[in-house]
2 protein chains.
Amino acid sequence: MKPKLEDVAKLAGVSKTTASHVLNNRGYLSEKTLEKVHDAMETLNYQPNAAARQLFKQKTGLIGLIFPTVSNPFFGELVNYLEYELYQRDFKVIIGNSLQDTHKETDYLNQLLAGQVDGLILGTHNQGIAEYKYSHLPVVAIDRVMNSDIPIVESDNYKGGILATQRLINAGVTRIIHTNGPSSLETPAQRRRTAYEKVMTDYGLEPHTFTIDFRLSFAEKKQRYNELFEIYPDMEAIFVSNDVDAGIVMSIAKERGQNIPADLLVVGYDGTELMRNMVPELTTIVQPIEEMAKVAVDVLLKRISGTKTELEYILPVDLWEGETSNR
Amino acid sequence: MKPKLEDVAKLAGVSKTTASHVLNNRGYLSEKTLEKVHDAMETLNYQPNAAARQLFKQKTGLIGLIFPTVSNPFFGELVNYLEYELYQRDFKVIIGNSLQDTHKETDYLNQLLAGQVDGLILGTHNQGIAEYKYSHLPVVAIDRVMNSDIPIVESDNYKGGILATQRLINAGVTRIIHTNGPSSLETPAQRRRTAYEKVMTDYGLEPHTFTIDFRLSFAEKKQRYNELFEIYPDMEAIFVSNDVDAGIVMSIAKERGQNIPADLLVVGYDGTELMRNMVPELTTIVQPIEEMAKVAVDVLLKRISGTKTELEYILPVDLWEGETSNR
C-alpha cells in the first residue's frame, strides 16, 4: 500500500500539519524538523499527490528572481523575458539584485520557505547555501550549479567554447588567450574554459586562461584587463567570456593604440540583442536568452505543481559572425 | 475647527470606514465613491493626519516598479539602484516591464489601490490612465509627466539639450539633426528638444528634429535611422536622445561607409556606467541615475507616510567628453 502523509508524520514524530508544512515549504521550520520529515519521506519512499501538496498551500502569485544585476544586458534581457513569461501565467515577479549584497539570496530563500513567494529562479554566483539541501524546493537555477536536486537551465557552454576557439584558430592565429571567472565558482560557464583548453591542446597550442571576477567594478575590471595586455604583449586574439567585458577589452586595445581586428582579434560571449545591434562588429556566441527564460518558467511551474522534471536542460548556442574575428 | 474624517464621510454620504479606505487607497472602491470622498475632502479642505492615514493600513513591504524594460541599460541601472535603495529600507520590489504590455500599468495601479503593494515608482511612457486623477496616491514618476499631483523626479533635460547642442556647434558644424520621441508623449525628455531648437535658432541655424518612437524594435529602429541618413544626406552631426540609439546610429554610419567623427559627429544621452565603459568614445549627457533613484525612494517613502513633498525634483546633468564630438 502507498504510504500516506499520516505515515510520514508518525514516523517523523510530528503532527500531520507540520509534515504538510514541510512538504509545501510553508512557515518557519527548524532544521531538525525538516530533516526528520525528509528522512521519513525517504524511508517510506513517500510520493506526495497534488492534493497533499496543496493541502495548506496558499498561492501568493509571486515568483522571486535573484540575479547578480539587471544592469548587465544579459541579465537585463533574461529578467525581461522571465517577467514577460511569468506575467502571461498570472505571476508577478519580485526581483533581487545580489551583486552588492550576497545575503539577499538567503533572504529570498527564507521568504520562499515562509510561503511568501511560490518559487524562485536563481542565477546568482554565490555558493554553498546550506538551505538548498532540502529537496523538492520550487527552485530553478539558470547557468548555475546548486545541488543535485535543483534543475539547471543553461545554454551549451561547451559547444560555445568550441565554436569561439575554433573560429579564432580558423582565422590563422595561434596565441589565443581566454578570460573567464574564477574556477572556484561552480558555474556551467566554466565549460567554456574546458572547451577552449581542449581545442587549443588538440591543435598543439598552449592554452592561457586569465581569471577575472565577474563581480569586480568597471574600474577594477579595466585595471585587470590592462594587466592582461601587460602579461601577454604578443597575444593575437582574446576569447572573452562575456560581451560587456569584450567591449571593455576593445576599448582598452584602442587606448593602447591597437587596431581591432588588424592587431588583435576578439570573440565575446552572450550575444544579447543590445550588443548585436549596438556593436554588430563583435563576433560572439549567442545564448538563446528568450528560450532559456521560457524553459526556466516551464520547469519552475512543473516543480511548483509537483510534476517531475529533468535535472539539466541544455539549449543550443549560435556563432554571430562579426568583423572582430577576421584578419 | 479642523475638519475630521467623520465630517468628510458625512458630507460624502459614506461610512467612516469607506472614507478611510479611500484615504489609504485600500480595497476596490467604485469610481463614484472615490469621487464623492475626494470632493468632500476638497470642499472641507481636509488635511489627514498620520493616524487617520494609518487607520486601516497594513504594510505589504512591497513596492511596484513599472518601467518600459530592464533590458535597456538606462532602466536596468535605474531599477538596480532603486531595488538597492528600497532593500536598505526593508522593501522588496515587484518589477513590471510595460513595453510589451501597456495594460500592466493599470494592473499594477489596481494592485496598489487594492493594498497589495505599498507604493509605485513609474517610468512608463503610457498615457491618460484615468485612475491617476485621484490624489494622494503613493506614486512617484521618474522622467514622466503624470498628473499635477504625482511628484516627478528627473534630471535637467533642458540643460542636457543645451550642453549637447552647444558642444556640437562649438565643434564647428552647422547641419545638426536631433532625434527624440514623439512629442505627443508628455515626457520631460521633450525639453531636450526644446533646448536643441532654442540653441539652434539663437545661432541662426535651422533645427530639424527627427521623431522616432522609443518603443520600436531594434529592426524597426535600424530601418528608421537608415531613413534619417537618406533624408539628411548632408548632415554633419546628430544629437541622439539616448545612447543605445546613438550606438545604432554609429553602427549604421559605419555600414554606410562614413567615419565617426571625421564624416559625422554624434552626441548621445543617458551616460550609463555600461556605455561610459564599453563605448567611452561616445560624447554623451550623463544623467545622475543613482541620485535619481535615491531621491525617488525618499519622495515615495514621504508620500507613503503622508508627509508633504515637492512636486518636481530636477537633478543636474554632466557632459561626458568623448571623441565622437571632435572634428
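Residues numbered from 1 in each chain as written. Chains lettered and ligands numbered in written order. Predicted model: local features only at pLDDT ≥ 70, side-chain atom pairs only at ≥ 80, totals over all residues. Heavy atoms only, no water.

All names here are of chain A. Taking 1.5 Å per residue, 14 residues should reach 20 Å; helix α3 (residues 31–44) reaches 20 Å between its end C-alpha atoms and fits that length. Every buried residue of α3 is accounted for by Thr-33, Leu-34, Val-37, His-38, Ala-40 and Met-41. The buried residues of α3 occupy an angular sector of 155 degrees when the element is viewed end-on, so they sit on one face. Projecting away from the buried face of α3 at angles above 90 degrees are the exposed residues Lys-32, Glu-42 and Thr-43. (Helix = DSSP H or I, 4+ residues; strand = E, 2+ residues; numbered from the N terminus. Expected span 1.5 Å × (residues − 1). Buried < 20%, exposed > 50% of the residue type's maximum accessible area, 1.4 Å probe, protein only. Arc of directions from axis to C-beta.)

Glancing now at the packing of aromatic side chains. Residue and element names in this part refer to chain A. The final tally for this structure, using the stated rule, is 8 aromatic pairs over all chains. Ring geometry for Phe-75 and Phe-214: centres 5.9 Å apart, planes at 85 degrees, overall edge-to-face. Separated by 139 residues along the polypeptide, Phe-75 in helix α5 (residues 73–88) and Phe-214 in the loop between β7 (208–211) and α9 (218–231) bring together distant segments of the chain. We classify Phe-75 as buried; its relative accessible area is 6%. It is Arg-192 that lies over the ring of Tyr-269; its NZ or CZ is 3.6 Å from the centre. (Phe/Tyr/Trp six-rings, centres within 6.5 Å; stacked < 30°, edge-to-face > 60°. Lys NZ or Arg CZ within 6 Å of the ring centre and 35° of its normal.)

On to the side chain of Asp-118 of chain A, then. Residues and elements named next belong to chain A. Topologically, Asp-118 is positioned in the loop between α6 (103–113) and β3 (119–122). The class for Asp-118 is buried, based on a relative accessible area of 4%. Within polar-contact distance, the side chain of Asp-118 engages the backbone nitrogen of Gly-61 at 2.8 Å. (Polar contact = N/O pair within 3.5 Å; in protein donor to acceptor, adjacent residues only side chain to side chain.)

Before going further, it helps to spend a moment on helix α10 (residues 243–255) of chain A. Residues and elements named next belong to chain A. With 13 residues, α10 extends 18 Å from end C-alpha to end C-alpha; this agrees with the ideal 18 Å at 1.5 Å per step. Residues of α10 that are buried include every one of Asp-243, Val-244, Asp-245, Ala-246, Gly-247, Ile-248, Val-249, Met-250, Ser-251, Ile-252 and Ala-253, and no others. Structurally, the start of α10 carries an N-cap: the backbone nitrogen of Val-244 is 3.2 Å from a side-chain oxygen of Asn-242. Within two residues after α10, Gly-257 carries a phi angle of roughly 80 degrees, on the positive side.

Each side of the interface is counted separately: chain A has 39 residues, and chain B has 39 residues. Across the chain A/chain B interface, buried area totals approximately 3700 Å², and carbon plus sulfur atoms make up 58% of it. Considering only the surface of chain A that becomes buried against chain B, Lys-92, Phe-218 and Met-278 of chain A emerge as the three largest contributors, covering 17% of it. Between the two partners, chain A and chain B, sit 6 salt bridges. Between Lys-254 of chain B and Glu-281 of chain A there is a salt bridge whose closest N-O contact spans 3.8 Å. Linking chain A to chain B there are 14 residue pairs in polar contact (both at pLDDT 80 or more). Contributions of two or more residues to the side of chain A that touches chain B are made by α5, β2 (92–97), α6, α9, α10 and α11 (273–278) of chain A. Residue composition of the side of chain A that touches chain B, by class: 17 nonpolar, 11 polar and 11 charged. Where β2 of chain A meets strand β2 (residues 92–97) of chain B, 3 bridges bridge the pair, whose relative direction is antiparallel. Bridged to Val-93 of chain A within β2 of chain B is Ile-95 of chain B. (Contact = heavy atoms within 4.5 Å. Buried area = accessible area lost by both parts, 1.4 Å probe. Salt bridge = Lys/Arg side-chain N within 4 Å of Asp/Glu carboxyl O. Nonpolar A, V, L, I, M, F, W, Y, C, P; charged D, E, K, R; others polar. Pairing = 2+ DSSP bridges.)

On to the domain arrangement of chain A, then. Here the domain parsing of chain A yields domain 1 (5–54) and domain 2 (157–287). Here domain 1 of chain A and domain 2 of chain A have C-alpha centroids that lie 48 Å from each other. (Domains from an automatic or database assignment.)

Residue and element names in this part refer to chain A. With mixed pairing, the 6 strands of this open sheet are ordered in space as β7-β6-β8-β9-β10-β12. Both edges of this open sheet fall to β7 and β12 (318–320), since each of them pairs with a single strand only. When strand polarity is set aside, the average angle formed by the axes of neighbouring strands in this sheet is 20 degrees. Of the pairings in the sheet, the one linking strand β8 (residues 237–240) to strand β9 (residues 265–270) comprises 3 bridges and is parallel in character. Note that in β9 the partner of Ala-237 across the bridge is Leu-265. Against the sheet, α9 engages β6 (176–180), β7 and β8, with an angle of about 155 degrees to β7. α10 rests against β8, β9 and β10 (283–286) of the sheet, and its axis sits at about 155 degrees to β9. (Axes fitted to C-alpha atoms, helices over the stretch in contact; angles between N-to-C directions.)

What follows covers the packing of α5 of chain A against helix α12 (residues 289–304) of chain A. All names here are of chain A. Where α5 contacts α12, the axes come no closer than 9 Å and their chain directions differ by 45 degrees. With respect to α12, the axis of α5 lies oblique. Between α5 and α12 lies a crossing whose hand is right-handed. Mapping the contact onto sequence places Phe-74, Glu-77, Leu-78, Tyr-81, Leu-82, Glu-85 and Leu-86 in α5 and Ile-289, Glu-290, Ala-293, Lys-294, Ala-296 and Val-297 in α12. By residue class, the composition of the contact of α5 with α12 is 9 nonpolar, no polar and 4 charged. (Parallel < 35°, antiparallel > 145°, perpendicular 65-115°, else oblique. Left-handed = near helix turned anticlockwise from the far one by under 90°.)

Before going further, it helps to spend a moment on the relation of the copies chain A and chain B. Mapping chain A onto chain B calls for a screw motion: a turn of 180 degrees about the axis and a shift of 0.1 Å along it, with 0.2 Å RMSD after fitting. Both chain copies can therefore be described as sitting about a two-fold axis. Taking C-alpha positions as the reference, the residue of chain A nearest the rotation axis is Ile-94 of chain A, at 2.3 Å. Of the residues that chain A buries at the interface, 100% are likewise interface residues in chain B, meaning the two copies contact each other through the same surface. (Least-squares fit on C-alpha atoms with pLDDT ≥ 70 in both.)

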